[in-house]
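The residues making up each chain are set out below.
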Amino acid sequence: MKRLLLALCLLLLAGQLPAATPLPGDSVYQLDARLTDQDGHQWPLAARRGRVQLVTMFYTSCTMVCPMIVDTLRLTRKALDEPARERLDVLAVSFDPARDDPAALRRYAGQRQLDAHWTLARAEPQDTRRLAALLGLQYRQLPDGDFNHSSQLILLDADGRILARTTVIGRLDPAFVDAVRKALAKG
Amino acid sequence: MAARRLPALLLLGAAFAAPAAAADYAALPGGTFASVLPADGKAAPARIAPFRLRTEPVTNAEFLAFVKSHPQWRRDRVPAVFADARYLSHWAAADALGPDALPAQPVTRVSWFAAQAYCESEHARLPGWYEWEYAAAADARQADARADPAWRERVLAWYARPSSTPLPAVGGAPDVHGVRDLNGLVWEWVDDFNALLVGSDSRDQDGADKLRFCGAGAIGMQQKENYATLMRVAMLSSLRATDTTNNLGFRCARSE
């Protein structure tokens with residue numbers, strides 16, 4: 001049994017090697033961070049490689065701008081025509097790893113009726129700080145537990161390069177939607 | 001003769017093979033601290049747990065040893081997402097210091113990611129802003145010398161020094177905690193440089209674009225008279241994590 005497992009592992013490894021072309025140096029997937037999603041699954045950030053996606057950071061107990069971040073992501077996806085929309089994923093990582101465990105993320109996904117295109121995730125505090133730094137986002141926890149944070153939507157290509165970003169929250173940013181369309185047409 | 005020399009040679013070999021002498025860390029008691037950045041954006045003091053701080057900034061020699069044992073941080077191998085094109089560009093080669101980077105000078109032109117990785121290799125981390133500000137408030141006699149005009153003048157005199165002059169070696173006079181060079185040598189990275197929330201972005205707080213920041217808005221800066229420290233906050237908060245500059249180095253910290 002053990003030998004069988006080992007053989008399987010080797011097979012898996014061997015199967016992955018030829019497919020893995022080196023990551024570009026300007027890919028955010030260079031960051032060795034582990035994330036846990038709303039289903040409790042844990043994976044390296046680089047597991048997101050392969051699909052164009054929108055990335056943001058938020059936290060579930062945020063009552064001010066974060067709901068509007070989700071609304072704006074939804075608007076952006078809706079602005080796309082059907083075949084393209086299906087190929088656009090969303091990754092929202094929490095600023096608040098202490099309170100946003102998988103159960104909290106799952107509750108939030110339920111309340112906001114987020115479908116399978118949406119991944120809500122958390123990382124350990126050090127990885128959270130690194131990911132924010134990588135994405136160029138600022139955040140700071142206040143004594144009452146809330147956060148001050150910058151709000152942006154960031155467009156990644158399939159290899160994790162930042163193609164575009166917008167700070168327009170609460171309504172559509174036409175230039176950003178254009179960038180998303182172009183990225184999906186290429187990918 | 002040969003047999004007698006052998007142990008000496010072995011010892012010499014061991015000295016070369018051993019990691020560089022462990023860096024010194026000083027224990028700082030922490031406590032409540034009136035930061036220029038109130039914890040709640042209004043007036044709340046910062047609460048700082050006891051911690052240890054590296055007594056000196058990391059030097060070129062120390063960073064060279066790190067790059068040799070962690071070649072992914074060589075300037076010719078580091079991915080662009082972790083350091084800009086000027087990373088360690090004053091070194092003679094990717095694995096050699098040369099005349100513009102003396103061994104005892106503090107290492108500069110290092111990104112936040114590289115500084116973090118170095119500290120991890122020392123089983124440490126970058127200090128938080130509050131830890132750094134608290135430590136840098138000390139002088140040779142007291143833990144908080146900020147009310148002393150001499151303290152401010154010393155800091156500002158350093159700011160006025162042209163950045164083109166070569167950096168002195170680490171090892172200035174120790175403060176009351178036994179820590180050296182916090183003011184007067186190089187600017188230093190802090191772990192939460194992207195938490196200070198002031199600088200160009202905060203101008204939008206009062207403008208139409210309030211939504212860029214969620215929550216209570218930008219932290220208001222207190223102690224306006226303490227512009228020596230405010231200048232440092234402004235500089236740090238303007239940085240991106242990949243930025244490297246001629247006079248930005250770092251030191252590491254450890255939680256107690």
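As shown above, the structure is provided for reference.
The structure displayed is predicted, hence computed values, not measured ones.

Locating aspartate 26 of chain A in the fold gives a position in the loop between helix 1 (2-16) and strand 1 (34-37). For the pair formed by aspartate 26 of chain A and isoleucine 162 of chain A, sequence separation is 136 residues and the distance between their alpha carbons is 8.2 Å. With sequence-adjacent residues up to four places away left out, aspartate 26 of chain A is seen in contact with Gly160 and Arg161 of chain A together with Ala80 and Val81 of chain B.

This part covers the sheet that holds strand 1 (residues 25-28) of chain B. All names here are of chain B. What the three strands build is an open sheet, ordered 1-4-8; its pairing is antiparallel. Edge positions in the sheet fall to strand 1 and strand 8 (253-255), since each has one partner strand and no second. Each strand of the sheet is rotated relative to its neighbour by a mean of 25°, with strand direction disregarded. As judged from the four bridges shared by strand 1 and strand 4 (residues 51-54), these two strands associate in the antiparallel manner. Opposite alanine 27, over in strand 4, you have arginine 52 as the bridge partner. Helix 4 (residues 129-136) rests against strand 1, strand 4 and strand 8 of the sheet, and its axis sits at about 70° to strand 4.

On the chain A side, the residues contacting the 33 residues of chain B number 30 residues. Taking both sides of the interface into account, the surface hidden between chain B and chain A amounts to around 2500 Å²; carbon and sulfur atoms contribute 56%. The interface formed by chain B and chain A holds one salt bridge in total. For arginine 130 of chain A, the salt bridge identified is with glutamate 120 of chain B, shortest N-O distance 2.4 Å. Between the two partners, chain B and chain A, sit 10 residue pairs in polar contact (both at pLDDT 80 or more). Contributions of two or more residues to the side of chain B that touches chain A are made by helix 3 (112-121) and strand 6 (213-214) of chain B.

Taken as a whole and assessed by the stated rule, the structure comprises 24 salt bridges over all chains. The partner of glutamate 62 of chain B in a salt bridge is arginine 54 of chain B, with the nearest N and O atoms 3.2 Å apart. The class of glutamate 62 of chain B is partly exposed, set by a relative accessible area of 22%. The network of salt bridges with common partners includes Arg49, Asp157, Asp159 and Arg161 of chain A.

Residues and elements named next belong to chain B. For the structure shown, the criterion picks out two disulfides over all chains. Here cysteine 119 connects covalently by a disulfide to cysteine 252, the sulfurs 2.2 Å from one another. Handedness of the cysteine 119-cysteine 252 disulfide follows from its S-S torsion of about -85°: it is left-handed. Of this pair, cysteine 119 sits in helix 3 while cysteine 252 sits in the loop between strand 7 (248-249) and strand 8, and the two are 133 residues apart along the sequence. Each member of the pair, cysteine 119 as well as cysteine 252, carries the same accessibility label: buried.

Under the criterion given, the structure shown has 21 aromatic pairs over all chains. Grouped by ring-pair contacts, the aromatic residues Trp73, Phe82, Trp112, Phe113, Trp189 and Phe193 of chain B constitute a single cluster. When the ring centre of tyrosine 139 of chain A is taken as origin, the NZ or CZ atom of arginine 129 of chain A, which lies over that ring, is 4.0 Å away. Above the face of the tyrosine 25 of chain B ring, arginine 254 of chain B is positioned so that its terminal group lies 3.9 Å from the ring centre.

What counts, and at which threshold
- Residues numbered from 1 in each chain as written.
- Chains lettered and ligands numbered in written order.
- Predicted model: local features only at pLDDT ≥ 70, side-chain atom pairs only at ≥ 80, totals over all residues.
- Heavy atoms only, no water.
- Helix = DSSP H or I, 4+ residues; strand = E, 2+ residues; numbered from the N terminus.
- Contact = heavy atoms within 4.5 Å.
- Pairing = 2+ DSSP bridges.
- Axes fitted to C-alpha atoms, helices over the stretch in contact; angles between N-to-C directions.
- Buried area = accessible area lost by both parts, 1.4 Å probe.
- Salt bridge = Lys/Arg side-chain N within 4 Å of Asp/Glu carboxyl O.
- Polar contact = N/O pair within 3.5 Å; in protein donor to acceptor, adjacent residues only side chain to side chain.
- Buried < 20%, exposed > 50% of the residue type's maximum accessible area, 1.4 Å probe, protein only.
- Disulfide = S-S within 2.5 Å.
- Phe/Tyr/Trp six-rings, centres within 6.5 Å; stacked < 30°, edge-to-face > 60°.
- Lys NZ or Arg CZ within 6 Å of the ring centre and 35° of its normal.

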